[in-house]
There are 2 protein chains.
Amino acid sequence: MVSTHWLACLPLGRRGQVPHGANLLDAARSLGVELESICGGRQTCGKCQIIVEEGYFPKHDLTSTAAHLSPVGEHASAHPLPGRRLACACVVAGDLLITVPEESQARKQIITKTAGERVISIQPAVRQVYLEIPAATLEAEGGRGDWERLQAGLVGEWQLAGLRPDPLMLPTLQAALRDRRAVLPADRRGLTVTIWNDSEVLRVQPGYAEGVYGLAVDVGSTTVAAHLCDLRTGAVVATEAMMNPQLRYGEDLMSRVSYAMLEPQGVARLHRAIIQAVNDLARKAADRAGLASSDVLDIVLVGNPVMHHLLLGIDPVELGGSPFALAVAGPLDLKARDLGLKLHPAARVHLLPCIAGHVGADNLAVQLAEAPHLQDERLLVVDVGTNAEIVLGNRRQVYCASSPTGPAFEGAQITHGQRAAPGAIERVRIDPLTLLPRCRLIGADDWLDPDHPEARAPLATGICGSGIIEGVAEMYLAGIIDADGRFAEAAASRSPRVRFPERTGEYVLVPAGASATGRDIVITQSDVRAVQLAKAALYAGVKLLLARAGYAQVDRVVLAGSFGATISPFHAMVLGLIPDCALDRVTAVGNAAGDGARIALLNSEQRREAARLAHWVQHVQTALADDFQAEFVAALALPHARDAFPHLADRLPARPASEIRHSRRRRAALADQP
Amino acid sequence: MVSTHWLACLPLGRRGQVPHGANLLDAARSLGVELESICGGRQTCGKCQIIVEEGYFPKHDLTSTAAHLSPVGEHASAHPLPGRRLACACVVAGDLLITVPEESQARKQIITKTAGERVISIQPAVRQVYLEIPAATLEAEGGRGDWERLQAGLVGEWQLAGLRPDPLMLPTLQAALRDRRAVLPADRRGLTVTIWNDSEVLRVQPGYAEGVYGLAVDVGSTTVAAHLCDLRTGAVVATEAMMNPQLRYGEDLMSRVSYAMLEPQGVARLHRAIIQAVNDLARKAADRAGLASSDVLDIVLVGNPVMHHLLLGIDPVELGGSPFALAVAGPLDLKARDLGLKLHPAARVHLLPCIAGHVGADNLAVQLAEAPHLQDERLLVVDVGTNAEIVLGNRRQVYCASSPTGPAFEGAQITHGQRAAPGAIERVRIDPLTLLPRCRLIGADDWLDPDHPEARAPLATGICGSGIIEGVAEMYLAGIIDADGRFAEAAASRSPRVRFPERTGEYVLVPAGASATGRDIVITQSDVRAVQLAKAALYAGVKLLLARAGYAQVDRVVLAGSFGATISPFHAMVLGLIPDCALDRVTAVGNAAGDGARIALLNSEQRREAARLAHWVQHVQTALADDFQAEFVAALALPHARDAFPHLADRLPARPASEIRHSRRRRAALADQP
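Residues numbered from 1 in each chain as written. Chains lettered and ligands numbered in written order. Predicted model: local features only at pLDDT ≥ 70, side-chain atom pairs only at ≥ 80, totals over all residues.

*Asks:* What is the right way to look at the overall build of chain A in this model?
*Replies:* Per the secondary structure count, chain A includes 16 helices and 33 strands. Counting every position in chain A, which comprises 674 residues, the buried fraction comes to 54%. Expressed as a percentage of contacts within chain A between residues at least 6 apart in sequence, the contacts between residues at least 24 apart total 68%. (Helix = DSSP H or I, 4+ residues; strand = E, 2+ residues; numbered from the N terminus. Buried ≥ 20, exposed ≤ 12 C-beta atoms within 10 Å, placed from the backbone. Contact = placed C-beta atoms within 7 Å.)

Now the structure itself:
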């Protein structure tokens, strides 16, 4: 009979009896404590470090458990940190209490920066394992090739059965086996194998190797953003964004659908343009992290249905009219190369599902990131892009919609608008008395004082999404524009910053001297109109969802989008982007769709969760709802903030009553304007 | 209670009771009689034709069964042949006796032209089904796209669950649904779907469509041959062959392995060359059949291990030396596009397994074609190419080997050698008295009389494999060469056709006047040497296998190869290609490896059979066998036919005893020559 010892593992608290002489890595696993290991217990990867604790043990008192382990070995090729041991190099010789540090846990958890500070368990679809196989010999082998011996090794060492080879991996296998890094004593060969979904071998590397990366890409109509992640640790190692190059074929989705319909090579051009953009982002992000595109073995793509279809090379024409039929809705697991993506030759691609003809994978990504379906609170999430993704609900039911806001919130279709990039104005404050602005630029530490260029501040290049939102909201608060969004003629007499060239108003945010373009950077009447149209579309969508859900109000609001800076909840509320809510219940996060893509990249269970959600959530067709148009018209004016937002009342300036009446009269007229 | 009727189906003889009012297609299927149907019983495809019989029925006497069926309908869009009915358009109204003609059977059988006249059941990996699905609607659909509705239809109508889409099919789906051929009443859509292995959708076509083709390719070191097959009927609709373009990088396998090792881009060049060749063959074969390459949805590739690896882009260097390790041995199911094949964009490719480092998928294909493992007779199969594939055995055990014969038997490395193509001399007879030859050209109906060019015979372009074998054998029988293969000086005095320019002999097969090249077409001393070396390698391999199997003799011999014409067993035996056997037990077939590839193309069960065989057969390493070299040397001379082949004795001329003694002395000297 084999004698046993007690083993307890902190911080999970798992404990049980393990045989005397057991390898500590195996012993911990037998208690359900998953320690990370790439090398399979060969003391090579150094991932299974543990701390041997002293002190109280729940059954015995242990003054020192150190003696209950085999002594520190001399031949380990990986060295643990001081005070730690490699579990795979330890033999259990007595009762033990150990701590498994965060970084040694197999399913590490990382915390996203989203509103709820969600915990993501790192469980990627693509992972590496190390194993050793015998070299080929002439004797027998029953006709097996090197691949078949590798398959047998994966079954024997990692219980991975039935793996298939990517055909482009096969030509690299024998070179890896020949490499001197693979050669081991006793005619054995060591290989590190990169595996997708425990079912396909994507890559073999000679000897022990580390490093497997993935790309999470939010393909917006206007902005494409990519996070390059270390798939083992979950860390974001680089982020890159660029304008969607399809913009040259049409600003909004409908004009791109038209382009696809009318131009003979339209679909192919749009497809190639977006694939090229993703390739460029992959290369730049890899460069920035000291890697190559070929280090990327997995990619998750999210986007609205039109982007989703164009990524696949599918003509989006059916999405342009009723019944808005998706060619394919479900999740797709494909080869990146089949889409023209230039990553690792065997890289995989995953597309999250679409929900309906107007509600795409990006909306699902927002749901993964903010997870209203896991919460009791009634949560409203708006992820603002050229289309706003709107999600409302809690664990009982979640409603979702997409609303065509146009690209104004991403700095497009704005006179001096630009993508969120260094030099763009991302923050604006306007003194309500002097009407002088202060701006902050992306990449600058301090607020820019454009009237003192001698401060050697960086020059402003334009205005990004968050800048235009804050700018218009501040102009309203300062009385430069009225509730209809019209420039107040009286304001021109208060400051030369407000002027009326050709009879329409504009406000000088940055004078030519502090501008990189050498021209005044202004917000014009048409810019204000663009913001009004965008926010009206967003707000009308929100109202529709509130009505469908039967909510009078919400418990919490999450504001997301690729504006540049995270948007100021106060200014969003002043503009009327979101319904009234206590300001401390409004959280501004970054790009929620991008975060959702990252979650799907790092955790394959979340991909399955997304597929379940796609069937469960209720989607609302904004385009068909009878009340959408009415809500849209009603939402065009800027809200009379003290009335509409009691929660803001104490932070808002008093407004002249005359102006409010004035604006009420003109609301209908404005609604008729384009 | 539903009343039932007796139904009996000829020629299978299945019978049983079926419900009154049952559809005859369903009723026959319920008795296990698989009738073909693409349209799923919609009277569209016309494939399920049956003949209603009159006469004796095993239980009742039926004078006429015609009245026991529903009357002929008026709305069938497919019309059966006279005297036939469409089973799917018939309702059972009484006892019935029907005949299912061969062409209506679901698993049609075709007979290959191989030695055993094997019956192949048509059970291809790729097939078409027709189905109808509802058009997209705005209402609900639970977020399903057109692909998901197609999936649901495939489950509902064909019990095909869990199908995945080829990503390149997806962009074609909505266009097919929009096509007027797909539009049906009641807002339904009809599609014909092409499916691989009941698991992947490769193609969708609007409405009812017919036609799915596959290519079976034998990739030899010297010759590449392709059969284009109708996957529904099994018919070969075109055959094309060409020289392997890799020849420019090396005549034999070892020189190509060297090229791959020494040239930096060597592997890539060899890979591209062979893929380009397969693409060319596919295009030419499709052209000839009035089709396009894109009509090809499945391809089976067989070849020796070096060809197999180069098709996959794998460096064959490990196959060039001990332990001759295959990178991958097992069967592979891949996407044709991943190898660079230009067929249908979604086409599949299947590679039969390799058996060992020297014994490849082509050997397995030979085994599939001739099936010694299913026979009681001890069968010897030699498929002669640049490597001879040798298979020996019966159902108890099969042994196999590959022997490096060189390309002489395919017309390469022969002074006026050429590939088997129109104009090539494929048959040769030499009058032993006058030493005048008669030749037959590929593509010509009659034997060419080269001394009477006024007969307007076609001009000879060169000598193909079967021509060189018969030519050398006839020269030996006529006494032009002796048993050592040396030109007999005495023969020159008997005919001007035998001459000794520069002191080495040559024989004029076709004079310049009847030659397309305008030069004499001759067989030279070095050509005779090349044939001797080739046949010695082949015979030594055969001897090794006989020794390993412990056979003193065999019951039957199958001679295969891409010689041009099927080789004459008599001449093969005169040359000593095969051991002694009664001539009527020697069968000459075409390219057995190509036939095996065709079998694997038409029957996916045979692909699994090949995988089982790969593990079961015993392979013999010719290169390592101590006795191979000795057998090779012993086999260099031409056999003294009367002694070696008692079965031929009555057909052979008497030979001068002096010549035989003379040659015996010189045999050792010849063995030292290259």
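*Asks:* Looking at this model, I keep getting lost on the sheet that holds strand S27 (residues 462-463) of chain B. Mind explaining?
*Replies:* In any sheet, the strands associate via hydrogen bonds between backbone groups, in a parallel or an antiparallel arrangement. All names here are of chain B. Read across the sheet, 4 strands follow the order S26-S25-S24-S27 without closing on themselves; strand pairing throughout is mixed. With partners counted over all chains shown, the strands left at the sheet margins are strand S26 (447-448) and S27, one partner each. Running over the sheet, helix H8 (residues 465-477) touches strand S24 (424-430) and S27 and is turned about 15 degrees from S24. (Pairing = 2+ DSSP bridges. Axes fitted to C-alpha atoms, helices over the stretch in contact; angles between N-to-C directions.)

*Asks:* It is not clear to me how the packing of helix H7 (residues 361-370) of chain B against helix H13 (residues 604-616) of chain B should be interpreted in this structure. Could you clarify?
*Replies:* A pair of packed helices can be characterised by two numbers: the angle between their axes and the separation between those axes. All names here are of chain B. In the contact formed by H7 and H13, the axes pass within 10 Å of each other and the chain directions differ by 115 degrees. In this structure, the crossing between H7 and H13 has a hand that is right-handed. Note on element contacts: H13 touches H7 through Gln-606, Glu-609, Ala-610, Leu-613 and Ala-614, opposite Leu-364, Gln-367 and Leu-368. A class-by-class count of the residues in the contact of H7 with H13 yields 5 nonpolar, 2 polar and 1 charged. (Left-handed = near helix turned anticlockwise from the far one by under 90°. Nonpolar A, V, L, I, M, F, W, Y, C, P; charged D, E, K, R; others polar.)

*Asks:* Which parts of the structure should I look at to understand helix H10 (residues 525-549) of chain A?
*Replies:* Residues that lie three or four places apart on an α-helix share one face, since the helix turns once every 3.6 residues. Residue and element names in this part refer to chain A. Helix length check: H10 (25 residues) gives 36 Å between terminal C-alpha atoms against 36 Å at 1.5 Å per residue, within 8%. Extensive coverage of H10 is indicated by the burial of 18 of its 25 residues. Looking at the residues trailing H10, positive phi occurs at Gly-550, about 75 degrees. (Expected span 1.5 Å × (residues − 1).)

*Asks:* I keep staring at the interface of chain A and chain B and nothing clicks. Help me out?
*Replies:* At the junction of the two partners, chain A supplies 37 residues and chain B supplies 37 residues. When contributions to the side of chain A that touches chain B are tallied by element, the ones reaching two or more residues are helix H2 (146-158), helix H3 (170-178) and helix H13 (604-616) of chain A. By residue number, the principal contributor to the side of chain A that touches chain B is H3(A), which donates 4 residues. Of the residues contributing to the side of chain A that touches chain B, the split by class is 21 nonpolar, 10 polar and 6 charged.

*Asks:* What is the right way to look at the relation of the copies chain A and chain B in this model?
*Replies:* Copy one and copy two of the chain differ by a rotation about an axis and a translation along that axis. For the pair chain A and chain B, the relating rotation is 180 degrees, the translation along its axis is 0.1 Å, and the fit reaches an RMSD of 0.2 Å. Given the turn and translation reported, the copies of this chain are related as if by a two-fold rotation axis. Looking at the rotation axis and the C-alpha trace of chain A, the residue lying nearest is A:Asp338, at 4.4 Å. The residues that chain A uses at the interface reappear at the interface of chain B in 100% of cases, marking a shared surface. (Least-squares fit on C-alpha atoms with pLDDT ≥ 70 in both.)

*Asks:* Would you explain the sheet that holds strand S18 (residues 296-303) of chain B in this entry?
*Replies:* Residues and elements named next belong to chain B. Read across the sheet, 6 strands follow the order S17-S16-S15-S18-S20-S19 without closing on themselves; strand pairing throughout is mixed. With partners counted over all chains shown, the strands left at the sheet margins are strand S17 (236-243) and strand S19 (332-335), one partner each. The average undirected angle you get between the axes of adjacent strands in this sheet is 20 degrees. Judged from the 7 bridges that link them, strand S15 (residues 213-219) and S18 form a sheet pairing that is parallel. If you follow Asp-218 over to S18, its bridge partner there is Val-302. Sheet strands in contact with helix H5 (residues 266-288) are S15, strand S16 (223-230), S17 and S18, and its direction is about 145 degrees off that of S17.

*Asks:* Hey, could you run me through the confidence of the model for chain A in this one?
*Replies:* Close reading of the predicted structure is inappropriate where its pLDDT is low. Residues and elements named next belong to chain A. Predicted confidence across chain A gives a mean pLDDT of 86, with 88% of residues reaching 70 or more. For residues 656-674, every residue scores under 50 in pLDDT, and the model assigns this stretch 17 contacts once sequence neighbours within four places are set aside. Scored as a complex, the prediction yields pTM 0.85 and ipTM 0.85. (pLDDT = per-residue confidence, 0-100.)

*Asks:* Sorry if this is basic, but what is going on with the domain arrangement of chain A here?
*Replies:* Many structure descriptions define interface size as the accessible area lost when the parts assemble. Domain boundaries assigned for chain A yield domain 1 (4-104), domain 2 (125-206), domain 3 (215-363), domain 4 (365-407 + 531-671) and domain 5 (424-524). One C-alpha centre belongs to domain 1 of chain A, the other to domain 3 of chain A, and the line joining them spans 45 Å. (Domains from an automatic or database assignment.)

*Asks:* When you look at the pairing of strand S1 (residues 4-10) of chain A in this model, what are you seeing that I'm missing?
*Replies:* Along any regular strand the residues' side chains alternate between the sheet's two faces. All names here are of chain A. Taken together, the 6 bridges between S1 and strand S2 (residues 14-19) define a ladder with antiparallel strand orientation. By the bridge assignment, Ala-8 is partnered in S2 with Arg-15. If you look at the hairpin formed by S1 and S2, you'll find 3 residues sitting between the two strands, and Gly-13 has a positive phi there, around 80 degrees. As judged from the 4 bridges shared by S1 and strand S7 (residues 96-99), these two strands associate in the parallel manner. The partner of Cys-9 across the bridge, within S7, is Ile-98.

*Asks:* Just to check I follow, could you spell out the pairing of strand S23 (residues 398-403) of chain A for this structure?
*Replies:* Residue and element names in this part refer to chain A. Taken across its 6 residues, S23 has 6 buried, putting it largely inside the fold. The alternating pattern of S23 places Val-398, Cys-400 and Ser-402 and Tyr-399, Ala-401 and Ser-403 on opposite faces, both of which are buried. Relative to S23, strand S22 (residues 388-393) runs antiparallel, the two sharing 6 bridges. Note on S23: the bridge partner recorded for Leu-392 is Tyr-399. Between S22 and the antiparallel strand that follows it, S23, lie 4 residues. In this structure, S23 lies alongside strand S33 (residues 618-619), joined through 2 bridges in parallel fashion. Following the sheet pairing, Cys-400 is matched in S33 by His-619.

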